[in-house]
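# Observations on the three-dimensional arrangement
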Amino acid sequence: TLLIAIVPALIGAYIRSKNERVARKVEIGGSTLGVLFILAALVIGLTDNPELLEASKYPNAWIAAVVFQPAGCIFGYAVARAARLPHPEARAVCLETGVQNF
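Scope of this entry: the structure provided in the associated data block. (Residues numbered from 1 in each chain as written. Predicted model: local features only at pLDDT ≥ 70, side-chain atom pairs only at ≥ 80, totals over all residues. Heavy atoms only, no water.)

Before going further, it helps to spend a moment on the pattern of salt bridges. Pairing is possible between side chains of opposite charge, provided their charged atoms come close. By the definition in use, this model includes 4 salt bridges. R24 is the salt-bridge partner of E27, the closest N and O atoms lying 3.4 Å from each other. A residue pair is termed a helical-turn pair when its members lie 3 or 4 positions apart in one helix, as E27 and R24 do in helix α2 (residues 20-48) at 3 residues. Taking the relative accessible area as the measure of exposure, R24 reaches 44% and is therefore partly exposed. Salt-bridge contacts for K57 lead to E54; the nearest nitrogen and oxygen are separated by 3.9 Å. For E54, a relative accessible area of 37% translates into the label partly exposed. Each of R16, E20, R24 and E27 takes part in one network of salt bridges that share partners. (Salt bridge = Lys/Arg side-chain N within 4 Å of Asp/Glu carboxyl O. Helix = DSSP H or I, 4+ residues; strand = E, 2+ residues; numbered from the N terminus. Buried < 20%, exposed > 50% of the residue type's maximum accessible area, 1.4 Å probe, protein only.)

What follows covers helix α4 (residues 87-100). Between its first and last C-alpha, α4 extends 20 Å over 14 residues, near the 20 Å set by a 1.5 Å rise per residue. For α4, the set of buried residues is A90, C94 and G98. In a view along the axis of α4, the buried residues occupy a sector of 70°, so they form one face of it. In α4, those exposed residues whose orientation departs by more than 90 degrees from the buried face are P88, L95, V99 and Q100. On its buried face, α4 is in contact with α3 (59-82). (Expected span 1.5 Å × (residues − 1). Arc of directions from axis to C-beta. Contact = heavy atoms within 4.5 Å.)

Before going further, it helps to examine α2. Taking 1.5 Å of rise per residue, the 29 residues of α2 would be expected to cover 42 Å, and the 42 Å separating its terminal C-alpha atoms lies within 8% of that figure. Backbone nitrogen of R21 and a side-chain oxygen of the N-cap are separated by 3.0 Å at the start of α2; the cap is N19. (Polar contact = N/O pair within 3.5 Å; in protein donor to acceptor, adjacent residues only side chain to side chain.)

Here we come to a nonpolar patch on the surface. Together, L33, V35, L36, L39, L42, L46, L52, L53, Y58 and W62 make up a nonpolar patch on the protein surface, roughly 930 Å² of accessible area in all. When residues in the nonpolar patch are grouped by element, the largest group, 6 residues, is from α2. Looking at the secondary structure, you find W62 in helix α3. (Patch = residues over 30% accessible without salt bridge, like charges linked within 9 Å, V, L, I, M, F, W, Y side chains within 5 Å. Areas by Shrake-Rupley, 256 points an atom, 1.4 Å probe, with all protein chains shown as cover.)

Let us look at the environment of T32. By secondary structure assignment, the location of T32 is in helix α2. By relative accessible area, which is 43% here, T32 ends up partly exposed. Placed 19 residues apart in sequence, T32 and A13 show a C-alpha to C-alpha distance of 18 Å.

A positive phi is found at R84, a non-glycine position, where the angle reads about 65°. Owing to a relative accessible area of 75%, R84 belongs among the exposed residues under this scheme.

Attention now moves to the packing of α3 against α4. Where α3 meets α4, the closest approach of the two axes is 7 Å, and the angle between their N-to-C directions is 150°. As α3 runs across α4, the sense of the crossing is right-handed. Judged by residue contacts, Q69, G72, C73, G76, Y77, A80 and R81 of α3 engage H87, A90, R91, V93, C94, T97, G98 and V99 from α4. Classifying every residue of the contact of α3 with α4 by side-chain character gives 7 nonpolar, 6 polar and 2 charged. (Axes fitted to C-alpha atoms, helices over the stretch in contact; angles between N-to-C directions. Left-handed = near helix turned anticlockwise from the far one by under 90°. Nonpolar A, V, L, I, M, F, W, Y, C, P; charged D, E, K, R; others polar.)

In short, geometric facts, not functional conclusions.
Here's what the structure looks like:
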């Protein structure tokens, strides 16, 4: 839910307001744990479902995976430009929407 993102962000903002050095250490620790969690999820997911790597079994899923991120980038850039954002900001929106779809 939304609380999963908001609560840690509020805790981090509070820590940063009290002590910048401690906040930096907490940020590095949290980032490291996040990367380790993602890697563990990837390894567990692939070892439990190795057939997902066979494109011939799931061609539609593979096509969607290849098309989805670039489509998100294009859509984000187009909407940003339609909203008359400058090119640098439109590129930022493009990257964010593409990464969100990754």
